[in-house]
Amino acid sequence: MTDLLSRILHATTAHSYTPIKAKPLFKRLNLDDGQYPEFRKTLRELVRTGRLAVGRNQTIRAADPHGTVTGIYRRAQAGHGFVRPHTVDGTMKADVYIREDNGLDAATGDEVLVRITRAASHIKDAAGEIVRVLERATRTFVGTYFERDGEALVRVDGTVFSHSISVGDPGAKGAKPQDKVVIEMLRFPGQDKRGEGVITEVLGANGDPGVDTISVIRAFGLPEAFPESALAEARQVASQFGDGDIAGREDFTQELVITIDPPDAKDFDDAVTVTIDPKTKHWVLTVHIADVGAFVKLGGALDVEARKRATSVYLPQKVIPMFPEVISNGLASLQEAKLRYVKTVQMEFTPSLQKGHVRFANGVIRNRKRFTYDEVQAVLNDLASGGSSPSPLAGEGSSRSERVRGEASTDVGALPLTRLEDSPPSPARGEGKDGVAPEIVSMIRRMRDLALLLRKKRFKRGSLELEMPEAVLEYDDNGRVSGAHFAEHNLSHQIIEEFMLAANEAVAEHFTKYEVPFLRRVHPAPAEDKLEAFAQFTDLLGYHIKRPQDRFELQRVLNETAEKPERAAIHFALLRSLKQATYSPVQDEHYALASQDYCHFTSPIRRYPDLQVHRLLDRWIREGTASADMSDLMALGEHCSKRERRAETAERELVKLKILTYLSGKLGEKFDAVITGVADYGFFAQAERIPAEGLVHISSLVDDYYWYDETGHSLEGRRTKRKFRLGDRVKVQVARVDIPRRMLDLRLAETQPKQAEPVAEEVPSYGKSPRIIRKNSKRRGS
């Protein structure tokens, strides 16, 4: 009903709409005849609540001159909020500003109906008031229990509510003050009324080991234990699996196959081989992906639970898998020396990187060697120092800007293939060392060379690379956070990324060629006005973009700022200008990858969309044909996209929580930081060496009276003329940590900021912090 309501409102509030009667309106919406009763019911409800009006001759029209919209509400810390309208028939509308007293009792994530009170203009955003909460995002919240004046209250984590929630009698459920608890909301808080809820679970004392993790799990409704039916099915298929059962599968067990993963990984879902055909001199890239579908029957208990979860969730120190561990870490995992079932994609590339023959197979492999990224990087470094086809990408000492240019370098691409690896190589220093067999070292060299060529070609077609480094937490012997740093993303990671991207594209191109509906990974092109705003922003920083719609211009700015203090702000600003990638069967490009046909195929252990693609490919391999229902794929794509966003948000939340907890014991500690955002109430600063960002409030700048230049978004001292601008380096210290509200307050620890080079006259803030965006290195294929 919600979708139908949105479509009716969208149609009746369009500028081109002329009031018509109910039946013509029904036909205009292209609805099935069986939906007419629901259409009439929805229409009556809209008229009853004053959102539509019945005019002369029973014509239907919008009741308000500016119309109404439905969308998702998000509340700001200050109390006001915004509603992002739903996309209807491919049309996107700008966010609608909601004043605090017009927010009804909506909470962040709720789907709401909004009456527009002020239309959007080039000066101001649209504004409105919430008429009705259509659907609650959740009624379950996590917070800290406390008592005041004999009343039991819970302060909900974060800034979703301004005031605490009443939970009935003191000591309910045996809760003690400062316990973390789960509550079920009975009545949501409004502007003038306190919310009411009931405690459903006591998680433990605030600060106890593991309480932060379980709090995030409960807050986001993440699944934990598998149902017994799914576990029983997993045990059954495990008991039936035997090494000798390879009928109907191509035997790759004699091929040199390796895996490269993080050191703590257990679910190895991809393995690779790179050779050169001695006759044609073509590169042959073979990507083997764990054949999860061989163990998971469509519609069975395992499949139902996996579809419900849609993705594995990678929290700090805890993984919530999509499949039970007997599958994810056992049968399907491509463990070293174990016989394993795979879906195989074999791709040929000419010396000029033209894609040649591509074939697919149900295969069986035996992983020769399980590598970590660091182990492979050590081999690559040794190869580079030995002078064998050196590349700027291979050395740890190369700068970020050198690495980006190195991707298009001719050092590797210009060499003839016979020089690269079409015959037994001359011994390179490091071969055979540290237990790495010479033939494996030779293949790692081939992998490097091919990956560099693929990477060069990808950037030549316009692929974008945003530098949004991942936060890595460090732990002491008791499992508590003892520090944090930004993850290194080196050549060993890039090799696997390129091969996974190639396999994903090959599968998507195959299904597109034969018109087989499948679940794509789509990333629509950004709106022109967003790119124009981004160009204006970078221009104020001294980086001029002539044509914002030109992706090569965008990448130029990304490259130029990759080693500059303003990198975080500019890269995050572009990220905010782009749309979200989602799953959909509707053909669309992947803008960031500059790929016309793309899907997720390479991680079926942890992503359900990949499993759906595997099943289609399996039918194609066995029968030479495959098909799928578009409406089913649409529903699955929407479900998996939502689950993916939930998982990523939960991960960021727990990482932030653990970093704040660590910093709460470091009050007064000083560190170097870069200003990443400026507002009228202060500026945000991102630490250079640890993934933490906080606010330096304007009230802490006591040496002068600072005014905010709205045009340039800078803070300037009235007397001293001291300025705080985006990209300035500052020395800050931890002033206050508010863990329940997830806030970090900083204060200056030096007298003058170090100005960034180059510095524009006036520097705006384009949003807040550079959030943790890059997937962890296990998650391959964007």
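Just so it is clear, the structure is predicted and the values come from calculations on it, not from any experiment.

Cut-off values and rules
- Residues numbered from 1 in each chain as written.
- Predicted model: local features only at pLDDT ≥ 70, side-chain atom pairs only at ≥ 80, totals over all residues.
- Heavy atoms only, no water.
- Helix = DSSP H or I, 4+ residues; strand = E, 2+ residues; numbered from the N terminus.
- Buried < 20%, exposed > 50% of the residue type's maximum accessible area, 1.4 Å probe, protein only.
- Contact = heavy atoms within 4.5 Å.
- Areas by Shrake-Rupley, 256 points an atom, 1.4 Å probe, with all protein chains shown as cover.
- Expected span 1.5 Å × (residues − 1).
- Salt bridge = Lys/Arg side-chain N within 4 Å of Asp/Glu carboxyl O.
- Pairing = 2+ DSSP bridges.
- Patch = residues over 30% accessible without salt bridge, like charges linked within 9 Å, V, L, I, M, F, W, Y side chains within 5 Å.
- Axes fitted to C-alpha atoms, helices over the stretch in contact; angles between N-to-C directions.
- Parallel < 35°, antiparallel > 145°, perpendicular 65-115°, else oblique.
- Left-handed = near helix turned anticlockwise from the far one by under 90°.
- Phe/Tyr/Trp six-rings, centres within 6.5 Å; stacked < 30°, edge-to-face > 60°.
- Polar contact = N/O pair within 3.5 Å; in protein donor to acceptor, adjacent residues only side chain to side chain.
- Nonpolar A, V, L, I, M, F, W, Y, C, P; charged D, E, K, R; others polar.
- Core = buried A, V, L, I, M, F, W, Y, C linked by side-chain atoms within 4.5 Å.
- pLDDT = per-residue confidence, 0-100.

**Student:** Talk me through the overall build of the chain; I want residue IDs and the actual numbers.
**Tutor:** The helix and strand tally for the chain stands at 18 helices and 33 strands. Sorting the 782 residues of the chain into buried and exposed places 54% on the buried side. In the chain, once contacts between residues fewer than 6 apart in sequence are set aside, the share between residues at least 24 apart is 68%. When the accessible surface of the chain is summed, it comes to about 34,900 Å², and 48% of that surface belongs to carbon and sulfur atoms.

**Student:** Describe helix α12 (residues 438–460), with residues and values.
**Tutor:** Side chains three or four residues apart in an α-helix point the same way, a direct result of the helix having 3.6 residues per turn. Between its first and last C-alpha, α12 extends 33 Å over 23 residues, near the 33 Å set by a 1.5 Å rise per residue. Summarising burial for α12: 18 of the 23 residues are buried, a large majority. Where α12 ends, the next residue or the one after it, glycine 462, has phi of about 110°, a positive value.

**Student:** Run through the pattern of salt bridges, naming residues and quoting values.
**Tutor:** Going through the model one piece at a time under the given rule, you end up with 44 salt bridges. Note that glutamate 688 is salt-bridged to arginine 729, the shortest N-O span being 2.5 Å. With glutamate 688 in the loop between β27 (682–687) and β28 (693–697) and arginine 729 in strand β32 (residues 729–738), the pair connects residues that are 41 residues apart, well separated along the chain. Judged by relative accessible area, which is 36%, arginine 729 ranks as partly exposed. Each of Arg249, Asp291, Lys343, Asp618 and Arg622 takes part in a single network of salt bridges with overlapping partners.

**Student:** How would you sum up the pairing of strand β15 (residues 270–276)? Please name residues and give values.
**Tutor:** Of all 7 residues in β15, 6 are buried, a share of seventy percent or more. Where β15 lies against strand β16 (residues 283–290), 7 bridges are found, and the strand directions are antiparallel. Across the sheet, residue isoleucine 276 finds its bridge partner in β16, namely tryptophan 283. Here β15 folds back onto β16, and the loop between the two strands holds 6 residues, one of which, lysine 281, carries a positive phi near 65°.

**Student:** Describe in detail a nonpolar patch on the surface, supporting the description with residues and values.
**Tutor:** A cluster of nonpolar side chains, contributed by Val586, Met630 and Met634, occupies part of the molecular surface with about 250 Å² of accessible area. By secondary structure assignment, the location of methionine 634 is in helix α18 (residues 630–663). On the basis of relative accessibility, which here comes to 41%, the residue methionine 634 falls in the partly exposed class.

**Student:** Help me get a handle on the packing of helix α4 (residues 211–219) against α18, residues and values and all.
**Tutor:** Where α4 contacts α18, the two axes come as close as 10 Å, and the packing angle between them is 150°. Between α4 and α18, the interaxial angle falls into the category roughly antiparallel. The two elements α4 and α18 meet at a crossing, and its hand is right-handed. In contact with Asp212, Thr213 and Val216 of α4, α18 contributes Ala650, Glu653, Leu654, Leu657 and Lys658.

**Student:** Quick rundown of the packing of aromatic side chains? Include the residues and the values.
**Tutor:** Each aromatic ring pair is characterised by the separation of its centres together with the angle its planes make. One pass over the structure, following the stated rule, counts 15 aromatic pairs. Taking 4.9 Å as the distance between ring centres and 25° as the angle between the ring planes, the aromatic pair formed by phenylalanine 683 and phenylalanine 724 counts as stacked. Placement of phenylalanine 683 in strand β27 and of phenylalanine 724 in strand β31 (residues 723–724) is noted, with a sequence separation of 41 residues between them. The same class applies to phenylalanine 683 as to phenylalanine 724, namely buried. Taking the centre distance of 5.6 Å and the plane angle of 50° together, the rings of tyrosine 706 and phenylalanine 724 count as tilted. Of this pair, tyrosine 706 sits in strand β29 (residues 706–709) while phenylalanine 724 sits in strand β31, placing them 18 residues apart in sequence. By way of ring pairs, the aromatic residues Phe26, Tyr36 and Phe39 are connected into one cluster.

**Student:** Tell me about unusual backbone geometry, and name the residues and values.
**Tutor:** Although it is not a glycine, leucine 104 adopts a positive phi angle of roughly 55°. For leucine 104, the location among the structural elements is in the loop between β5 (96–98) and β6 (111–118). Overall, leucine 104 belongs to the partly exposed group, its relative accessible area being 46%. Positioned with a positive phi, glutamine 178 is a non-glycine residue whose angle comes to about 80°. Among the structural elements, glutamine 178 can be located in the loop between β10 (165–166) and β11 (179–187).

**Student:** Go over helix α15 (residues 551–560), please, and point to the residues and values.
**Tutor:** Buried residues of α15: Arg551, Glu553, Leu554, Gln555, Val557 and Leu558, and no others. Buried residues along α15 sit against α12, α14 (528–540) and α16 (567–577). Between a side-chain oxygen at the N-terminus of α15 and the backbone nitrogen of phenylalanine 552 the separation is 2.9 Å; the capping residue is aspartate 550.

**Student:** An account of the side chain of asparagine 362 is needed here, citing residue identities and associated values.
**Tutor:** Mapped onto the elements of the fold, asparagine 362 is located in strand β20 (residues 355–366). Relative accessible area serves as the criterion here: at 5%, asparagine 362 is assigned to the buried category. Engagement of the side chain of asparagine 362 in a polar contact is seen with the side chain of aspartate 618, the distance being 3.1 Å. Excluding its chain neighbours within four sequence positions, the residues that come into contact with asparagine 362 are Gly248, Arg249, Glu250, Asp291, Val342, Lys343, Asp618, Ile621 and Arg622.

**Student:** Summarise the sheet that holds β6; cite the residues concerned and give the values.
**Tutor:** In space, the 5 strands of this closed barrel follow the order β3-β4-β5-β7-β6, with mixed pairing throughout. Shown here is a sheet whose adjacent strand axes are inclined to one another by a mean of 50°, direction ignored.

**Student:** Report on the sheet that holds strand β33 (residues 743–748), specifying residues and quantitative values.
**Tutor:** Read once around its circumference, the closed barrel built from 5 strands follows the order β26-β27-β28-β33-β32, with strand pairing classed as mixed. Sheet twist, expressed as the mean angle between neighbouring strand axes with direction ignored, is 50°.

**Student:** Could you give me a rundown of the packing of helix α8 (residues 373–385) against helix α13 (residues 491–513), with the residues and numbers involved?
**Tutor:** Relative orientation of the contacting elements α8 and α13 amounts to 105°, with a least axis distance of 8 Å. Our classification of the angle between α8 and α13 gives roughly perpendicular. In this structure, α8 contributes Tyr373, Val376, Gln377 and Leu380 to the contact, and α13 contributes Leu491, Ser492, His493, Ile495 and Ile496. Looking at the contact of α8 with α13 residue by residue, the class counts come to 6 nonpolar, 3 polar and no charged.

**Student:** Go over the nonpolar core with me, naming the residues and quoting the values.
**Tutor:** Side chains of nonpolar character tend, in soluble globular proteins, to be buried together. In terms of nonpolar packing, the biggest core is built from 52 residues, with Ile258, Leu285, Val287, Met347, Met447, Phe499 and Phe601 touching the most fellow members. Listed by contribution, the elements that provide at least two residues to this core are β14 (258–261), β15, β16, β19 (339–349), α8, α12, α13 and α17 (608–623). In terms of residue count, the dominant contributor to this core is α13 (11 residues). Other than its neighbours up to four places away in sequence, valine 287 contacts Ala271, Val272, Lys343, Thr344, Val345, Met347, Phe499, Met500 and Ala503. Ranked by size, the runner-up nonpolar core spans 35 residues in total, among them Phe241, Ile365, Ile605 and Cys640.

**Student:** Describe the confidence of the model for the chain, with residues and values.
**Tutor:** Fine structural detail should not be taken from predicted coordinates in areas where pLDDT scores are low. This prediction gives the chain a mean pLDDT of 86; 87% of its residues lie at or above 70. Here residues 387–431 is a poorly scored stretch, pLDDT under 50, and it has 88 contacts once near neighbours within four places are set aside; other chains count. The low-confidence segment residues 756–781, where pLDDT is below 50, has 110 contacts with residues more than four positions distant or belonging to other chains.

**Student:** With reference to specific residues and values, describe the environment of leucine 31.
**Tutor:** Take leucine 31: it is sitting in the loop between α2 (22–28) and α3 (36–48). Residues leucine 31 and leucine 4 lie 27 residues apart in sequence; the distance between their C-alpha atoms is 9.4 Å. For leucine 31, the contacting residues outside a window of four places in its chain are Leu4, Arg7, Phe26 and Phe39.

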